[in-house]
Amino acid sequence: MDDKWKQFPLHAKSLTGVLTPEECEAIKNDALALGMSRALVRTAKGVKQQSYRTSDLVQLPRTKESEWLYERLMARGEAANAEYWHFTLNGIEEIQILRYKPWQSFKWHYDTFPGSARKLTCVVNLSPPQSYWRGRLEVRGRHGRNAITRQQGAGTWFPTYLLHRATPPWWGERWALVTWLTGPAWI
């Protein structure tokens, strides 16, 4: 089989420089201006508050002012997809900005379910690593030499069917941008 078309279904792909430190800070300021609230969880029975997700969240609507961000995340995700997974992609969900204060976390979970159009999860670290201690994205899968980075502005893409979590910072705040690239629904 030609390696060009080989899939890596259990891999996560991290890319540095997805956003500049200045863009990260501007996004955090936009999130604060929009107003953060307790993150909810989408379940088969609807959207509700759960004890296994304790971070703060705000949705960043797709507007003329935010279009550059949606386009950049889609383009970088499509490039990673072409290299690793070869999923059919046709859209991007509304961006979420998350803030993890000390001891806030999101326990092990999946970002997909039967009938879901979510194909790839995208997580961009908005915080400089020295602004918090501990707290990180963990993805169960094979990463090889492609370790998940804590660098500010770095993004990580992975299939939504991979188990993952956000561990709590012990001090400081960890900010992250999250969205999902979509395609035809999983069967």
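Residues numbered from 1 in each chain as written. Predicted model: local features only at pLDDT ≥ 70, side-chain atom pairs only at ≥ 80, totals over all residues. Heavy atoms only, no water.

What the chain contains, in helices and strands, is two helices and 15 strands. Of all 187 residues assigned to the chain, the portion counted as buried reaches 49%. As displayed, the chain has an accessible area near 9,700 Å², and 54% of this comes from carbon and sulfur atoms. (Helix = DSSP H or I, 4+ residues; strand = E, 2+ residues; numbered from the N terminus. Buried < 20%, exposed > 50% of the residue type's maximum accessible area, 1.4 Å probe, protein only. Areas by Shrake-Rupley, 256 points an atom, 1.4 Å probe, with all protein chains shown as cover.)

Right, let's get into the nonpolar core. With 29 residues, the main nonpolar core has Leu19, Leu73, Ile97, Leu126 and Leu177 as its most contacted residues. Contributing elements (two or more residues each) for this core: α1 (21–34), β5 (56–60), α2 (67–84), β7 (95–100), β9 (118–125) and β15 (174–182). Ranked by residues supplied to this core, first place goes to α2 with six residues. With residues up to four places along the chain from it excluded, the contact list for Leu126 reads Leu19, Cys24, Glu25, Ile27, Lys28, Ile97, Gln152, Trp175, Ala176 and Leu177. Among the nonpolar cores identified, the runner-up in size contains 15 residues, and Ala39, Leu98, Tyr100 and Phe158 belong to it. (Core = buried A, V, L, I, M, F, W, Y, C linked by side-chain atoms within 4.5 Å. Contact = heavy atoms within 4.5 Å.)

Pairing is antiparallel across the open sheet formed by three strands, whose spatial order is β8-β13-β11. The open sheet has two edge strands, β8 (106–109) and β11 (137–139), and neither has a second partner. Put simply, the sheet's adjacent strands are angled 5° from each other on average, direction ignored. Where β11 and strand β13 (residues 164–166) come together, three bridges link them in antiparallel fashion. Counted as the bridge partner of Glu138 is Arg165 from β13. (Pairing = 2+ DSSP bridges. Axes fitted to C-alpha atoms, helices over the stretch in contact; angles between N-to-C directions.)

This paragraph deals with unusual backbone geometry. Phi is positive for His86, close to 60°, though the residue is something other than glycine. Structurally, His86 is set in the loop between α2 and β6 (91–92). At Trp103, a position not held by glycine, the phi torsion is positive, near 75°. We classify Trp103 as exposed; its relative accessible area is 56%.

Side chains that are three or four residues apart share a direction in an α-helix, a result of its 3.6 residues per turn. Along its 18 residues, α2 runs 26 Å from first to last C-alpha, staying within 8% of the 26 Å computed at 1.5 Å per residue. For α2, the set of buried residues is Leu69, Tyr70, Leu73, Met74, Gly77, Ala80, Asn81 and Tyr84. Buried residues along α2 cover an arc of 130° about the axis, so they all sit on one side. Just past α2, the residue His86 takes up positive phi, approximately 60°. (Expected span 1.5 Å × (residues − 1). Arc of directions from axis to C-beta.)

Time to look at the pairing of strand β12 (residues 155–159). Most of β12 is tucked away: five of the five residues are buried. Every second residue of β12 is oriented toward a common face, with Gly155, Trp157 and Pro159 on one face and Thr156 and Phe158 on the other, all of them buried. Inspection of the sheet shows β9 paired to β12 by five bridges, in the antiparallel sense. Bridge assignment links Val124 to a residue of β12, and that residue is Gly155.

Using the criterion set out here, one finds five aromatic pairs in the structure. Between the aromatic rings of Tyr84 and Trp85, the centroid separation amounts to 5.5 Å while the plane-to-plane angle is 35°, which identifies the pairing as tilted. Of the two residues, Tyr84 and Trp85, both sit in the buried class. Note on Trp133 and Trp170: the rings are 5.0 Å apart at their centroids and 90° apart in plane angle, and the pair reads as edge-to-face. Residue Trp133 is located in strand β10 (residues 132–134), and its partner Trp170 is located in strand β14 (residues 169–172); the two are separated by 37 residues in the primary sequence. Judged by its relative accessible area of 39%, Trp133 is partly exposed. We classify Trp170 as partly exposed; its relative accessible area is 36%. Following the ring pairs from residue to residue traces out a cluster consisting of Phe8, Tyr84 and Trp85. One Lys or Arg, Arg118, reaches over the ring of Trp180 and ends 3.7 Å from the middle of that ring. (Phe/Tyr/Trp six-rings, centres within 6.5 Å; stacked < 30°, edge-to-face > 60°. Lys NZ or Arg CZ within 6 Å of the ring centre and 35° of its normal.)

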